[in-house]
Amino acid sequence: MTVLLNLAIGLPLAGCVGLAALPAATGRRWAPTVGVVVAGLTLALAVWIAAVFDRGASGEVQLVTDLEWAPALGLSWRLGVDGLSLPFVVLAALLVFCCLLYTVRVKPHGGRLRAFVALVLLLEVGMIGTFLAFDLLLFFLFFETVLIPMWFVIAWWGEPKDQPGRVAAATTFILYTLLGSAVMLIGFLIVGARAGTFDMVELAAQGGASLPGGVQLVAALAIVGGLAVKVPLWPLHTWLPDAHAKAPTVGSVLLAGVLLKMGSYGLVRIAVPIVPDGVRQIAPVIGGLAVVGIVYGALACLAQNDLKRLVAYSSVGHMGFVVLGVATMTPAGLNGSVFAGLAHGLITGLLFFLAGAIKDRHGTSGFAGLGGGMYVRLPRLAALLTFAAIASLGLPGLAGFWGELLAIIGTFRPAQVLDRPYFLGLLVVALVGLVLTALYLLATVRRVCQGEDTIGPRLPVLGDVTRHETVTWAPLVVLIVLLGVWPGLVLTLVDPVWQAVAL
Amino acid sequence: MIRAAQTVDWMAVAPAAAVAATALAVLIADLWLPSRRSGVLTAIGTVGVVAALIFVGLLWGDRRATFCVGAADAAFTSCSYIVNQLTLVFQGVVLVGTLVVLLLAHTDTAAPESRLPGGETGFLVLASATGALVLAAGRDLATIVVALEVVSLPAFALVGLRRRDRRDAEAALTFFIVSVVSVAVMIYGVSLVYGATGALHLDRIAVALGDPDTRTGLAAAGAVLTLVGLAFKIGAVPFHFWVPDTYSGAPVFVAAYLSVVSKAAGLVGLVVVVTHGFAAYSDAWAPVVAALAVATMTFGNVAALRQRTAIRLLAWSSIAQAGYMLVPLGAVAAGGPTGQLGAAQSATIAYLCIYAAVNLGAFGVLAVVYQRYPGATLEEFRGLVHREPASAVVLGFSLLALAGLPPGVAGLWAKIVVLDAAVSSGAGWLAVAVAINTVIGLIYYLRWTVLMFSAVPDRRAVLSYDVPPLSGIAIGLATAGGIAFSVLPQIVFGLAEASSGIVGG
């Protein structure tokens, strides 16, 4: 069964290479089909992995492949899956499948479909690999694999009216995240040099025992600092709004849905278990920045006049909760962090799909161009937007609720060594952010969906949600509801992981 | 101390001797052959280099020494020419690099309108490579200086070889002057070291310098000055002035030779001198090397950002890459753990091997392009993938490997190994400098890669050319190396590690 994990990486890679190797004409004609089939098979593999995964032992790493790759470098091809990585693998496979399914009908502006599909499959290799890797250097390899394809996705198929802008956004994205990941690598190497291994299972089992406090602090600063660019944590978020806003729909969905998760996954998978003392030392700073991000994201959203940019900025706030959960260094907070991350992937993925669909229909995603009254002219699309917005603001019963609740519970009772009054202060700020979040999301719904339709009559063609879009988005809607009413589905998987961590 | 003629271990010197003999064979064959038969010359050269590679393979695992002194009393035998894993890895890089360059050169010399004489070209490349092979084995300062000159002198001629070309002549002159000055400084350094220690053999110097009672500023100054000539050879800032002009003035295969074979020669000299001879004075040279590394990376990368022509961009890129190679040696801390020098050495070697493969791939494509479009600007590469997909893919892979990002995975391993060397020696600031430089480097490597894959309104305007079969083989060889190092990094790291356990040997 260990072959499953290797296949989950190998299949999209083979799809990418195969697509690139096809003759141009054949490749062009079959690219979307190949993409859907490969992504579909990969999703099936992810589901199969979830099926054979022993839920009773979700704290343990299962289906392990462990091959020496370059012993002289300390590098191993070490893959595995546990309760923490499994949901992220499924999320990544699902979102890529949705994106490629969407691409069959809704072609990105800029043509060159074969290259587009091949790059999305390469992105999938990096994303799934990141979630399956249990060797620090291997993790780094997959972490870097997404950079070049994402640059192309943003710069070539992004905002059609702003060629220099989208190239600049893509370049800002890649340079920021490369600097972040290089700093993260330095942290990995510090850990490896002192502990003598890059094996994440072994390092997590040691729980930092072989690393003196000073080394842990430096390593944690480098690892958390590097990952914080990817997450992104305020004030390292400046690459994000443009990258999300200029990217094509599929690019935004994958950026927000999965790429940001690679950062937050790194925090809970690597930083917390491997250098716990170091993270505890900087936890107050991380928590502080996280709540600033929550409030900043909400305020920035209030000031936006463009739907895509608004969704982009909302990520800064939501990821603030993800990081706040980590900073509490408690099982509740970490569970919250993971859950909020997954929920954000689904909800913001859906929101970007909707924003893209709205933009395609109106030729703009600016509020001025959208006017009001979408309920009148596109009732289903407006209803979905309202649904996603309400999920995003954390309505109980939908997926957005549990993660932020758990993060807040964690903040209320942070780890023993942390300064509780300080964290209570953070809690107050976070709650203010929560209120502001509800405010801007409801304001958006009111502005875009309600009121009188003054725009519709002027638009040449307007169609509501197509059957194809329904099929593409349905899994996201279903999962948002499912995780909302049955959070245990994920939490029972994730929670046992923390028992082995020296919190 | 006049003795009977020394016995020479011919097997030990076989790789260098084979290449030297081939150089002469090419020169003589050229006299007897009709002028348009440069294929035969290339064939002779190729056979000679492959034979030398076979010798290297046969010697692998051996440790041989020849040209020794002090054999009579046997108390302290020092040898000028030592063959061990370190020597052989560098000789392998030099030989493969020379092979690729010879194949690339064929395209230039065989072209009907060529102004390059085939015989001289082959002879000069092989003669220079002989120097590089000897340099890899040289373990005394006199041998190293002479070998360095043997590398350089034919290279001056190669740069200025194109008949009736003023830019060539200018480039050759710049190259010559900077080289002469830096070698003069190096010889001055060697003389100081000799004055302080009374020895030229690196092992004897190491013993003399290792005695803490005799520590002198004179020896330290000598050690640092000795590095100057070698820093020139690898194109480290501030001894880099010659690189951009020389690369852009010379035929592209010569630039490829300078950026890989000649740079490898300089690097092996530097590695051997500091780890075998001046190990005890690491507190004197390591900061200097670290400063050179940072200056070289940063200056090379920043200058590369502004380049408009492909060859000048690669020239500045190869300066920046030399900076990364120096990082492990610069990170060596005074009084650091034993084995640190060996680790630094193996990191440098690993980086060089990967760099050599992907850089030759990039220069190979450029050589083919420049054959048809001399001096092509980056902008002219726009849309290359639509007309010449193989070239675009190879060049893109090579550039991203130089940048150190997947899909150029080999380059990622190279960056990791250099960062690891810096981090494990505790030189965090060097690691941060490398990280920042990786980001700067990505800007120009990515920009060029993207241009090649961009859409173009009119495909007929895109560069188009025939890839000559030998050039294709050369590029294929280099790229195969780059892919192999990506997929099986243990090849290069295993080699590097095997060659590092013999410091002082």
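**Some thoughts on the overall build of chain B**
Per the secondary structure count, chain B includes 19 helices and two strands. The C-alpha atoms of chain B give a radius of gyration of 22 Å, which matches the 23 Å a tight globule of 505 residues would have. The principal-axis extent of the C-alpha atoms belonging to chain B is close to 75 × 55 × 40 Å. Within the span of chain B, comprising 505 residues, buried residues form 62% of the whole. When contacts within chain B are restricted to residue pairs at least 6 apart in sequence, long-range pairs at least 24 apart make up 80% of them.

**Details of the packing of helix α4 (residues 113-132) of chain A against helix α6 (residues 147-157) of chain A**
Residue and element names in this part refer to chain A. Running from amino to carboxyl end, α4 crosses α6 at an angle of 145 degrees, the nearest separation of the two axes being 9 Å. The chirality of how α4 crosses α6 is left-handed. From α4, F116, L119, L122 and L123 reach across to α6, where they touch P149, M150, F152, V153 and W157. The residue inventory of the contact of α4 with α6, partitioned by class, reads nine nonpolar, no polar and no charged.

**Observations concerning unusual backbone geometry**
A cis amide bond links W234(A) with the next residue in sequence, P235(A), at an omega value of 5 degrees. Looking at the secondary structure, you find P235(A) in the loop between α9 (213-230) and α10 (240-246). Cis geometry is adopted by the peptide bond preceding P407(B), which originates at P406(B) and carries an omega value of 5 degrees. Within the element layout of this structure, P407(B) appears in the loop between α15 (389-403) and α16 (409-424). Even without glycine at this site, R112(A) takes up a positive phi of about 50 degrees. Turning to its location among the elements, R112(A) is positioned in the loop between α3 (85-105) and α4.

**Quick notes on the nonpolar core**
Ranked by internal contacts, the top residues of the largest apolar core, which has 421 residues, are V89(A), A264(B) and I354(B). In terms of residues, this core owes the most to one element, helix α13 (residues 340-372) of chain B, which gives 23 residues. Setting aside residues up to four positions removed in sequence, I354(B) forms contacts with A410(B), G411(B), W413(B), A414(B), F485(B) and V492(B).

**With respect to the pairing of strand β1 (residues 62-70) of chain A**
Both faces of the sheet carry side chains from a regular strand, because those side chains alternate between them. Residue and element names in this part refer to chain A. Note: β1 against strand β2 (residues 75-81), six bridges, orientation antiparallel. Its bridge partner lying in β2, T65 is registered against L79. Hairpin connection from β1 to β2: four residues lie between these consecutive antiparallel strands, with G74 at a positive phi of about 80 degrees.

**Here's the deal with the confidence of the model for chain B**
All names here are of chain B. Averaged over all residues, the pLDDT of chain B is 88; the fraction at 70 or higher stands at 95%. When pLDDT is averaged over each element of chain B, helix α12 (residues 310-330) comes out on top at 94 and helix α19 (residues 490-498) at the bottom at 83. What the predictor reports for the complex is a pTM of 0.93 with an ipTM of 0.91.

**Observations concerning the interface of chain B and chain A**
Across the contact, 26 residues belong to chain B and 25 residues belong to chain A. Put simply, the parts of the chain that give the side of chain B that touches chain A at least two residues each are α16, α17 (428-453) and α19 of chain B. Considering each element in turn, the side of chain B that touches chain A owes the most residues, nine residues, to α16(B). Split into classes, the residues belonging to the side of chain B that touches chain A amount to 20 nonpolar, four polar and two charged.

Definitions and cut-offs
Residues numbered from 1 in each chain as written. Chains lettered and ligands numbered in written order. Predicted model: local features only at pLDDT ≥ 70, side-chain atom pairs only at ≥ 80, totals over all residues. Helix = DSSP H or I, 4+ residues; strand = E, 2+ residues; numbered from the N terminus. Rg over C-alpha atoms; globule rule 2.2 N^0.38 Å. Buried ≥ 20, exposed ≤ 12 C-beta atoms within 10 Å, placed from the backbone. Contact = placed C-beta atoms within 7 Å. Axes fitted to C-alpha atoms, helices over the stretch in contact; angles between N-to-C directions. Left-handed = near helix turned anticlockwise from the far one by under 90°. Nonpolar A, V, L, I, M, F, W, Y, C, P; charged D, E, K, R; others polar. Core = buried A, V, L, I, M, F, W, Y, C linked by C-beta atoms within 7 Å. Pairing = 2+ DSSP bridges. pLDDT = per-residue confidence, 0-100.

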